Amino acid sequence: MTGLKVESLKKHFTIGGGFLGGKARTVRAVENVSLSVALGSCVGLVGESGCGKSTASRAILRLEEPTAGRVTFDGIDVASASPAQMRRLRQRMQFIFQDPYASLNSRRSIRKTLEEPLKVHGIGDPAERRDRAEAILSEVGLPQDAMDRFPHEFSGGQRQRIGIARALVLEPDLVVADEPVSALDVSVQAQILRLLDDLRDKRTLSFLFVSHDLGVIRHFCDTTCVMYLGHVVESGPTQEIMDDPAHPYTVLLRQSSPIPDPANRVDPPRIAGEIPSPANPPSGCPFHTRCPRAFAECRESMPAAKEIAPGRQVACHLF
Amino acid sequence: MTAVTETIPARKPNVLLQTLNRNRLSWVGIGLLALILLSAIFAPLLAPHDPLQQNILNRLEGPSPEFWLGTDSYGRDVLSRLLYGTRVSLLVGFLSVLIAMTVGSAIGIFAGYVGGMVDQLIMGLVDVMLSFPTLLLGLMVAAMLGASLENLIIAIAITETAPFVRIARAPTISAKRKEYVEAGRALGFSPLRIMGVHILPNILSDIVVVASLWMASAIRTEASLSFIGLGVQPPTPTWGGMIREGFENILSSWWLVVFPSLAILLTVLALNILGDALRDAIDPKLKGES
C-alpha cells in the first residue's frame, strides 16, 4: 500500500473547563473523515468555512494531535510514529499554508528559510544545500536575487511561491495544501495553480488539496471529498461529483458555484441558516437542519457511507 | 517554469530609526545614557581626586572650586566618588538584568511553548515570586548570600527573573499559533530549534524594551540595598552607599545626599525614556500613551 490512508479521523477540542473556566465543552471539529491519496494522485477536500477541513488536514500531518482514527503513510502509522520515524516521515509529507503572510518567519532570509530544512535533516553539505535552494527557487519562478531578501519585501503571490519552495525543498512525496490560493488575488491564484500543476507533473507528487472553491478543486483534483460539519458526506471522482452530485449538501454546494454561462442559468439555492456549531452538533445526520429533503429518519440516526457507484460514496439516508 | 511579471518591491526604510527620530525626547534619554556610560568608563580620567583618599582636614566641605560637589565626612571628594559609583550602578544594573533576562526568557519561552501542566506550575511559581515586593525579595536573598558585589548581582537577578518569565511567555503563546511555527513543525524541526531560532528572535524586541525598564529598577534596588548596608561594602563608592553615609549629616551637609540621589534619578529617568521610546518605535499603535 503506497500513499496516504486516513480512516475515521477525529479531532475534538475542549474549550473552557478547569479552575473558574466554566463548563468544559467539546468542539467536534473533525468527526469522521476517511480518505486515501494514492501516489501521484490529487484529492480535494471541499466544504464551507468551519466544516473542519483545515483541522483535518492539520491532524493528518500531526500538526494537531488527532483524537482518534488512523492515519498511515506507506503503511507507517503516523499517529504512533516515534520521534525518529516522525522526522523521516516529515521529510516525505509537507504542508503548504493558507496565509503566505503568516507562514514565513519575517526575521529569516529566503536563503535561510530554504536551506534550514535541508540542514535539519542532514541533507548535503553547505554547497549542495545552496545549490538545491537555488534550484528550487528558480523552479517556483523567483529570481536568484530573491535569496538574500526577507519575506516583507515580497508580494502575497511571491510569498506563496516561497512557501511552496520550502515545502518542496525536501522533495516530499505528499503535499497537503490548506487553501493555498484563497488568500491571493484572482489573477495571482491562477499563476500559483499553474505552478502547482507544473510541479505535480514534473515531480510525481501526491496532493491533498483543501479548498472551499469548487472551481479550484475541479481544475486540480482527480478525486473529491465533500465535508460538512466534520464528516465526509460524499466522495468520488471529481468530474462525476461536479456533473451529478448525489448528497443534498453537494447539490447545494454545486448550485452555489455557478458556471459563467447564460444558457445554464441557475436559481441561487435557498439554503436556510448557518452551519451548526461543532460544539453542539445536531442529532442524526449533521445536515438535516438545513437539508431540503430531510425526513424523520435523518433526525434519528447518522447515515453510513454507501457505495452508489464504483469509487463513489455517499453518506445519506436517501441512498 | 512560470514567468513572474511582478517585480520585488524595494527595501523598506528602517522603521525603528524613523520612529526614534521623530521622538525628540528619546534622543534626550539616549544622550543622557551615553553621558552616564562615558563617565563610568572614563571615571579614572575624569575624577579630580582619588575617591578613596581620606583627608580629615577637608571633611564636610560644601561645593567649592576644588571640590565641585563638596566632600564627605572622611574628607573624600563627592564628585570623584559619584563618578566611580556610576561603574558599580551600571555594572550591577546591566549584569543583573542580563542574567534575569536570559534565565527568565528561557523559562518563559519554554513554559509558553510547552503549555499545559508544566506551564501552570511554572506560572504558579512566578506568581508567588511576583507577590513579594522586589526590595523585600532582594533583601532576603542578599541577606542569605552575604553582602558582596557578586551576591548583589545575583540577588537582584533573582528578584527580576519572574517578570521576564511573564514577558517572554505571552508573545510565545501567540507566536506558537502562527503558521511559520507550524511550518517549522511540519518540516521536522526540533522544539529547541523552533523555540530558539524561530520564536526567540520574533519576541526579542518585546523583551529588550522591558529589559531597559527593569535595568532602571535594578539600579534603584542596588541603591536601596546599598543604603541599608546589604550592597557593595565600603569603602567602594556606590550611590546608595553614599546616600547612607551622607544621611547622618543631611541637615548640615545637603550635598552628600542630593548629588548621589540626582545621579540615580537621572539614570533611572534616562533608562525609562529609552524604554518608552523603544516600545513606541517597535509598536507604533501605543504611540502617545505612556
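The following refers to the structure shown. Computed from a prediction, not measured in an experiment: that's the story for all the values here. Within any chain, residue numbers begin from 1 and follow the written order of that chain's sequence. Here the convention is simple: chains get letters from A, ligands get numbers from 1, in the order in which they are written. Side-chain atom pairs in this predicted model are given and counted only at pLDDT of 80 or more, local residue features only at pLDDT of at least 70, and totals for whole chains, interfaces and linings cover all residues. Hydrogen atoms and water are omitted, and side-chain values are computed over all heavy atoms in the structure.

We now examine the overall build of chain A. Helix and strand definitions here come from DSSP, where helices need a minimum of 4 consecutive H or I residues and strands a minimum of 2 consecutive E residues; each element is numbered from the N-terminal end. On a plain count of helices and strands, chain A comes out with ten helices and twelve strands. Based on C-alpha atoms, the radius of gyration is set beside the globule rule, defined as 2.2 Å times the residue count to the power 0.38. For chain A, the C-alpha radius of gyration of 21 Å lies close to 20 Å, the compact-globule estimate for 319 residues. Overall, the C-alpha framework of chain A stretches about 65 × 60 × 45 Å when taken along its three principal axes. Whether two residues are in contact is decided by their heavy atoms: any pair within 4.5 Å suffices. Summarising the internal contacts of chain A: among those between residues at least 6 apart in sequence, 64% fall at separations of at least 24. Throughout, the Shrake-Rupley method with a 1.4 Å probe supplies accessible areas, and for residues the shown protein chains are the sole cover considered. Carbon and sulfur atoms make up 50% of the accessible area of chain A, which totals about 13800 Å². Only four residue types enter the tally: Lys and Arg on the positive side, Asp and Glu on the negative side, with His and both chain ends excluded. Every charge is mapped onto a representative atom, which is NZ of Lys, CZ of Arg, CG of Asp or CD of Glu. Between the centroid of the 39 positive side chains of chain A and the centroid of its 38 negative side chains there is a distance of 5 Å.

Attention now goes to the overall build of chain B. For chain B, the count of helices and strands is eleven helices and zero strands. Mapped from its N terminus to its C terminus, chain B presents α and β elements in the order α-α-α-α-α-α-α-α-α-α-α. With 290 residues in all, chain B has 48% of them scored as buried. For chain B, contacts bridging at least 24 residues in sequence account for 71% of all contacts bridging at least 6. With a 1.4 Å probe rolled over the protein chains alone, any residue whose accessible area is under 20% of its type maximum counts as buried; one over 50% counts as exposed, and the rest are partly exposed.

Right, let's get into the interface of chain A and chain B. Taken together, the contact pairs 43 residues of chain A with 25 residues of chain B. Put simply, buried area is the surface a 1.4 Å probe can reach on two separate parts but cannot reach once they are joined, added for both. Between chain A and chain B, a total of about 3000 Å² is buried, with carbon and sulfur atoms accounting for 49% of that surface. In the sections that follow, a salt bridge refers to a side-chain nitrogen of Lys or Arg positioned within 4 Å of a carboxyl oxygen of Asp or Glu. Linking chain A with chain B are three salt bridges, by the criterion used here. Any N or O atom pair separated by 3.5 Å or less is treated as a polar contact, with the protein-specific requirement of one donor-capable and one acceptor-capable atom, and with residues adjacent in sequence counted only for side-chain atom pairs. Scanning the region where chain A abuts chain B turns up twelve residue pairs in polar contact (both at pLDDT 80 or more). Listed by contribution, the elements that provide at least two residues to the side of chain A that touches chain B are α2 (83–92), β6 (93–96), α3 (110–120), α4 (126–139), α5 (156–168) and α6 (186–203) of chain A. In the side of chain A that touches chain B, the residues fall into 13 nonpolar, twelve polar and 18 charged. Residue polarity follows a fixed list, in which Ala, Val, Leu, Ile, Met, Phe, Trp, Tyr, Cys and Pro are nonpolar, Asp, Glu, Lys and Arg are charged, and the others, Gly among them, are polar.

Residue and element names in this part refer to chain B. Fitted lines through C-alpha atoms give the axes, limited to the stretch in contact for helices. The angle between two N-to-C directions lies from 0 to 180 degrees. Where helix α4 (residues 78–114) meets helix α9 (residues 191–227), the closest approach of the two axes is 7 Å, and the angle between their N-to-C directions is 145°. When you trace α4 past α9, the crossing you get is right-handed. Counted by class, the contact of α4 with α9 contains 21 nonpolar, four polar and one charged residues. Whether a crossing is left-handed or right-handed is set by the direction in which the near helix is turned from the far one by less than a right angle, anticlockwise for left-handed and clockwise for right-handed.

Each Phe, Tyr or Trp ring, with Trp reduced to its six-membered ring, pairs with another whose centre is within 6.5 Å; inter-plane angles below 30 degrees give stacked pairs, above 60 give edge-to-face pairs, and intermediate values give tilted ones. Tallied over the entire structure, the rule returns nine aromatic pairs over all chains. Their ring planes at 85° and their centres at 5.8 Å tell us that Trp-254 of chain B and Trp-255 of chain B sit as a pair that is edge-to-face. Seen in terms of ring centroids, Trp-254 of chain B and Phe-259 of chain B are 5.8 Å apart; in terms of plane orientation they differ by 50°. Their pairing is tilted. According to the relative accessible area criterion, Trp-254 of chain B is partly exposed, its value standing at 43%. We classify Phe-259 of chain B as buried; its relative accessible area is 17%. Feature note: the residues Phe-207, Phe-209 and Phe-220 of chain A constitute an aromatic cluster, connected by ring pairs. Positioned above the aromatic ring of Phe-220 of chain A, the side-chain terminus of Arg-200 of chain A is 4.6 Å from the ring centre. In this analysis the charged atom, NZ for Lys or CZ for Arg, is taken to sit over a ring once it is within 6 Å of the ring centre and within 35 degrees of the ring normal. The ring of Phe-189 of chain B carries Arg-193 of chain B above its face, with NZ or CZ at 5.9 Å from the centroid.

A patch consists of residues exposed above 30% relative accessible area that lack any salt bridge, with like charges linked at up to 9 Å and nonpolar side chains (Val, Leu, Ile, Met, Phe, Trp, Tyr) linked at up to 5 Å. There is a patch of nonpolar side chains on the surface, built from Leu-37, Leu-38, Ile-41, Phe-42, Leu-45 and Leu-46 of chain B and spanning about 600 Å² of accessible area. Among the secondary structure elements, those contributing two or more residues to the nonpolar patch are α2 (24–41) and α3 (43–46) of chain B.

What follows is about the side chain of Gln-158 of chain A. Residue and element names in this part refer to chain A. For Gln-158, the position within the fold is in helix α5. You can call Gln-158 buried: its relative accessible area is 1%. At a separation of 2.9 Å, a polar atom in the side chain of Gln-158 contacts the main-chain amide nitrogen of Ser-155.

Taken as a whole, the second largest pocket spans an internal volume of roughly 710 Å³. Along the walls of the second largest pocket sit 22 residues, with Arg-62, Leu-63 and Glu-64 of chain A together with Tyr-113 and Arg-185 of chain B positioned nearest its centre. In terms of residue count, the dominant contributor to the lining of the second largest pocket is α2 of chain A (four residues). A pocket, in this scheme, is an open set of points on a 1 Å grid over the protein atoms alone with protein on both sides within 12 Å along at least 5 of 7 lines, while a cavity is a set where a 1.4 Å probe fits but cannot get out; residues line either one if an atom lies within 4 Å of a point. Grid points are joined across faces, edges and corners, and a volume is the space filled by probe spheres set on the points.

Along an α-helix, residues three or four positions apart point the same way, because every turn accommodates 3.6 residues. The length a helix should cover is 1.5 Å for every residue beyond the first. Its 28 residues give helix α7 (residues 149–176) of chain B an end-to-end C-alpha distance of 39 Å, which sits within 8% of 40 Å, the value for a rise of 1.5 Å per residue. The sharpest bend along α7 of chain B comes to roughly 35°, located at Glu-160 of chain B, with the proline Pro-163 of chain B sitting one to four residues further on. A residue's bend is given by the angle between axes fitted to the 7 residues ending at it and the 7 residues starting at it.

In this section: unusual backbone geometry. Unlike most non-glycine residues, Asp-74 of chain A shows phi in positive territory, near 50°. With respect to the helices and strands, the residue Asp-74 of chain A is situated in the loop between β4 (68–73) and β5 (76–77).

Once that is clear, we can look at the side chain of Ser-109 of chain A. Looking at the element boundaries, Ser-109 of chain A is found in the loop between β6 and α3. In this view, Ser-109 of chain A contacts Met-147, Asp-148, Arg-149 and Phe-150 of chain A; residues no more than four positions away in its chain are not counted.

Counted under the stated rule, the structure contains six cavities of 30 Å³ or more. Its volume calculated, the largest cavity comes out at about 80 Å³. Thr-113, Glu-116 and Arg-166 of chain A together with Phe-189 and His-198 of chain B are the residues nearest the centre of the largest cavity, which is lined by 13 residues in total. Secondary-structure elements contributing two or more residues to the lining of the largest cavity are α3 of chain A together with α8 (179–186) of chain B. Looking at which element gives the most residues to the lining of the largest cavity, the answer is α8 of chain B, with three residues.

Residue and element names in this part refer to chain A. Using the criterion set out here, one finds 26 salt bridges over all chains in the structure. A salt bridge links Lys-10 to Glu-31, with the nearest nitrogen and oxygen atoms 3.6 Å apart. Here Glu-31 lies in strand β2 (residues 25–37) and Lys-10 lies in strand β1 (residues 4–15), a separation of 21 residues in the sequence. The buried category is assigned to Glu-31, whose relative accessible area is 15%. Residues Arg-58 and Asp-178 are paired through a salt bridge, measuring 3.0 Å at the closest nitrogen-oxygen approach. Here Arg-58 is found in helix α1 (residues 53–60), whereas its partner Asp-178 is found in strand β7 (residues 174–178), with 120 residues between them in sequence.

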